[in-house]
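Geometric and topological summary
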Amino acid sequence: MNGTVNLEREIRILLQRRGPLSVAFITRFLNEMGIDCTRQKVERVLRNLVLNGVVEAFYNGGRYNRRRHYRLR
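The structure reproduced in this document is the subject of the present report. (Residues numbered from 1 in each chain as written. Predicted model: local features only at pLDDT ≥ 70, side-chain atom pairs only at ≥ 80, totals over all residues. Heavy atoms only, no water.)

**What about the sheet that holds strand S2 (residues 55-59)?**
- The strand order across the open sheet formed by three strands is S1-S3-S2, and the pairing between neighbours is antiparallel. At either margin of the open sheet sits one strand with a lone partner, and together these are strand S1 (21-22) and S2.
- As paired strands, S1 and strand S3 (residues 68-72) are joined by two bridges and run antiparallel to one another. Along S3, the bridge assignment pairs serine 22 with histidine 69.
- Most of the contacts of helix H3 (residues 39-52) go to S2, to which it runs at about 110°, and overall it touches S2 and S3. (Pairing = 2+ DSSP bridges. Helix = DSSP H or I, 4+ residues; strand = E, 2+ residues; numbered from the N terminus. Contact = heavy atoms within 4.5 Å. Axes fitted to C-alpha atoms, helices over the stretch in contact; angles between N-to-C directions.)

This is how it looks when you write it as structure tokens:
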């Protein structure tokens, strides 16, 4: 199994457990779990998951934090 498929599975599990998250938090939690990844790699995997319809991207409407967040569909 290659690393991308494993990373996709770990991201889906993380989003299922913790709810909507930004790329920074997804990367942080994956690194804390012992999965060595960068923000760019996580963004690439999330982009593919959005194109496949597994994950939904949305903007948080908060006052200060207008970053893109991701959640499972």
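**Some words on the pairing of S3**
- Here S2 pairs with S3 via five bridges, running antiparallel. Paired with valine 55 across the bridge in S3 is leucine 72.

**Overview of the nonpolar core**
- Membership of the largest hydrophobic core comes to 16 residues, with the highest contact counts inside it found for Ile11, Leu15, Ile26, Leu30, Val42 and Leu46.
- When contributions to this core are tallied by element, the ones reaching two or more residues are helix H1 (3-18), helix H2 (23-32) and H3.
- Aside from chain neighbours lying at most four places away, what touches leucine 46 is Ile11, Val23, Ile26, Val55 and Tyr70. (Core = buried A, V, L, I, M, F, W, Y, C linked by side-chain atoms within 4.5 Å. Buried < 20%, exposed > 50% of the residue type's maximum accessible area, 1.4 Å probe, protein only.)

By themselves, these are just geometric observations and shouldn't be taken as functional.
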